[in-house]
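Structural description and commentary
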Amino acid sequence: ASYTIVDKDTCIACGACGVAAPDIYDYDDEGLAEVIIDDNTGTSPISDALEEDMLDAYEGCPTNSIQVSHTPFEGDPYKIE
Ligand code: F3S
């Protein structure tokens with residue numbers, strides 16, 4: 001399984017991820033992206049059906065704010081690396 005999380009400190013609210021993967025990413029009141037399925041903690045596995053959308057968002061983010069991993073992030077975008 002894959003997990004994903006948004007680093008809201010570097011997100012510039014460009015809006016690309018919600019277009020690429022609307023079932024995974026949405027925006028808060030400031031327009032910053034977050035993972036909607038697990039409150040942006042990176043702890044809920046992304047279903048196989050959404051994997052491609054997730055990777056599209058990951059590759060399309062202009063600030064590399066979307067992190068993807070095979071292990072849960074537990075709320076920290078830089079837990080893995
Ligand atoms: Fe932010 Fe990147 Fe999405 S800048 S709005 S996380 S595509």
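1. Brief notes about the overall build of the protein chain
When its secondary structure is counted, the protein chain shows 2 helices and 4 strands. Helices (α) and strands (β) of the protein chain occur, in sequence order from the N terminus, as β-α-β-β-α-β. Taken against the 2.2 N^0.38 rule, which gives 12 Å for 81 residues, the C-alpha radius of gyration of the protein chain at 11 Å falls within 12% of a compact globule. Viewed in the frame of its principal axes, the protein chain has a C-alpha envelope of about 30 × 25 × 20 Å. When burial is assessed residue by residue, the protein chain has 36% of its 81 residues classed as buried. Sequence-distant contacts in the protein chain: of pairs separated by 6 or more residues, those separated by 24 or more amount to 61%. For the protein chain, the accessible area works out to roughly 4,500 Å², and carbon and sulfur atoms hold 47% of it.

2. Quick notes on unusual backbone geometry
The backbone phi angle of Ala-13 is positive, close to 60°, even though this residue is not glycine. Examined against the element boundaries, Ala-13 turns out to sit in the loop between β1 (3–6) and α1 (16–20). The backbone of Asp-39 sits at a positive phi, close to 60°, despite the residue not being glycine. Within the secondary structure, Asp-39 sits in the loop between β3 (33–35) and α2 (48–60).

3. Looking at the nonpolar core
Counting 15 residues, the largest nonpolar core has Val-6, Cys-17, Ile-24, Tyr-25, Ala-57 and Ile-66 as its most contacted members. Counting residues per element, the ones that place at least two in this core are β3 and α2. Per-element tally for this core: the top contributor is α2, with 3 residues. Setting aside residues no more than four positions away along its own chain, Val-6 makes contact with Cys-11, Tyr-25, Ala-33, Glu-34, Val-35, Asn-40, Ser-65, Ile-66 and Pro-77.

4. Comments concerning the confidence of the model for the protein chain
Looking at the protein chain, pLDDT values average 96 and 98% of them are 70 or higher. Interface confidence for the predicted complex, given as ipTM, is 0.98, next to a pTM of 0.96.

Calculation notes
- In every chain, residue numbers begin from 1 and rise along the written sequence.
- In keeping with the model being predicted, local features are shown solely for residues with a pLDDT of at least 70 and side-chain atom pairs are shown and tallied solely at 80 or more, while totals for entire chains, interfaces and linings include all residues.
- As a convention, hydrogens and water are excluded, and side-chain values are obtained from all of the structure's heavy atoms.
- Helix and strand assignments come from DSSP, with helices taken as H or I runs of at least 4 residues and strands as E runs of at least 2, each series counted from the N terminus.
- Only C-alpha atoms enter the radius of gyration; for comparison, a globular chain is expected to reach 2.2 Å times N to the power 0.38, where N is the number of residues.
- The classification of residues rests on relative accessible area computed with a 1.4 Å probe and restricted to protein chains. Under 20% of the type maximum is buried, over 50% is exposed, and intermediate values are partly exposed.
- Pairs of residues are marked as contacts when any of their non-hydrogen atoms sit within 4.5 Å.
- In these tables, accessible area is a Shrake-Rupley quantity obtained with a 1.4 Å probe, and a residue counts as shielded only by the protein chains included in the view.
- As used in this record, nonpolar core signifies buried Ala, Val, Leu, Ile, Met, Phe, Trp, Tyr and Cys residues forming a set joined through side-chain atoms within 4.5 Å.
- Confidence of the predictor in every single residue is expressed as pLDDT, which spans 0 to 100.

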